Amino acid sequence: IYLAALLGNGLIITAVACDHRLHTPMYFLLLNLSLVDLASISTILPKAMANSLWDSRAISYTGCAVQLFMFTFLIVAEYYLLTVMAYDRYVAICKPLHYGTLLGSTACVHMAAAAWGSGFLNSLVHTANTFSIPLCQGNAVDQFFCEIPQILKLSCSHAYLREVGLLIFSVCLALGCFVFIVLSYVQIFRAVLRIPSQQGRHKAISTCLPHLAVVSLFLSSGIFSNLKPPSISSPPLDFVVAVLYSVFPPAVNPLIYSMRNKELINSM
């Protein structure tokens, strides 16, 4: 899976960077998404593979903090990038004549920088707050990488409520992005239905399907991981779910975006 993620995301990054025909807002955002996917899977899998090879589950305190910071940073940045990509599809289909104005090179760079910067600040706050909480329930994280919910389980004071409050605030921001994505696609589908030719409708929808598939995979795996009932929770299931939302999307996203995309396939 890791090699597939490296190959797929590496090919997309190389193709978009080297082919001037792909120097458009959509592919610029896709390049950023591939960078995030490549970095996020590289944050957790190499350490997990090394521990598996040496039959160990050890990670240093500093290593755990860095891993949690990087993974949270990249996951949040990916979600914001997917939100920006929904806006890109909305402008392309609903306001095609203003596409160059609303999504010029400067605007794209600013939106991508905002996604990366928001992820960085979000992760910095969560990591600093999580590792300031006293831990007294041992030092064994019941997962193959460090994540906030597993570390909060080791807390023995009410200080963890601060982090819970921050998580609720982050969830509210995530809901705002989700509403924006839904509203964008409502407008997109309304615009598509007004296209007179069936071929035109099919072409418009086909440009949105990869993004819809990636968003659905990202949200469904993340929501199930964090909101699954405690009654069905078990170490094997928690492991499978963690793989689904942390490892599977970075490996599958390149396949989804390259499927039936002739421009990207030809550049590879």
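Residues numbered from 1 in each chain as written. Predicted model: local features only at pLDDT ≥ 70, side-chain atom pairs only at ≥ 80, totals over all residues. Heavy atoms only, no water.

Counting buried positions over the eleven residues of helix H10 (residues 248-258) gives nine, a clear majority of the element. Taken residue by residue, H10 has Pro249, Pro250, Ala251, Val252, Asn253, Pro254, Ile256, Tyr257 and Ser258 as its buried positions. (Buried < 20%, exposed > 50% of the residue type's maximum accessible area, 1.4 Å probe, protein only. Helix = DSSP H or I, 4+ residues; strand = E, 2+ residues; numbered from the N terminus.)

The next subject is the environment of Ser170. Along the chain, Ser170 falls in helix H7 (residues 160-193). On the basis of relative accessible area, Ser170 is assigned to the buried category, the value being 17%. Along the sequence, Ser170 and Thr83 sit 87 residues apart, while their C-alpha atoms lie 15 Å from each other. Those residues in contact with Ser170 that lie beyond four places of it in its chain are Asn122 and His126. (Contact = heavy atoms within 4.5 Å.)

Positive phi, normally seen in glycine, also occurs at Asp55, with a value near 50°. Mapped onto the elements, Asp55 comes out in the loop between helix H2 (25-53) and helix H3 (61-94). Judged by relative accessible area, Asp55 falls into the exposed class, the value being 73%.

Right, let's talk about the environment of Gln143 for a bit. As for its position among the elements, Gln143 is in the loop between helix H5 (105-130) and helix H6 (148-152). On the accessibility criterion, Gln143 (10% relative accessible area) is buried. The sequence separation of Gln143 and Ser60 amounts to 83 residues, and the corresponding C-alpha distance is 15 Å. Dropping the residues within four chain positions of it, Gln143 is found in contact with Arg57, Gln150, Asp238, Phe239 and Ala242.

Together, Phe178, Val179, Val182, Leu183 and Val186 make up a nonpolar patch on the protein surface, roughly 400 Å² of accessible area in all. Assignment of secondary structure puts Val182 in helix H7. Look at Val182 and you get partly exposed, because its relative accessible area is 36%. (Patch = residues over 30% accessible without salt bridge, like charges linked within 9 Å, V, L, I, M, F, W, Y side chains within 5 Å. Areas by Shrake-Rupley, 256 points an atom, 1.4 Å probe, with all protein chains shown as cover. Salt bridge = Lys/Arg side-chain N within 4 Å of Asp/Glu carboxyl O.)

Formed by 45 residues in total, the largest nonpolar core has its most connected members in Val16, Leu30, Leu82, Met85, Ile93, Ile188 and Leu264. Of all the elements, H3 adds the most residues to this core, at 14 residues. Residue contacts for Val16: discarding those within four places in its chain leaves Leu22, His23, Tyr27, Leu31 and Leu264. In this structure, Tyr2, Ile41, Tyr245 and Ala251 belong to the second largest nonpolar core, which totals eleven residues. (Core = buried A, V, L, I, M, F, W, Y, C linked by side-chain atoms within 4.5 Å.)

Moving on, we come to the UniProt feature "transmembrane region" (unreviewed entry) in the protein. On the UniProt side, "transmembrane region" (unreviewed entry) is annotated at positions that read residues 27-46, 58-82, 164-186, 207-227 and 239-259 here. Within residues 58-82, the helical portion is 88% and the strand portion 0%, while the C-alpha atoms at the span's ends are 34 Å from each other. Secondary structure across residues 164-186 divides into 100% helix and 0% strand, with the first and last C-alpha atoms of the span separated by 33 Å. (UniProt positions renumbered as here; feature names shortened; annotations may be inferred.)

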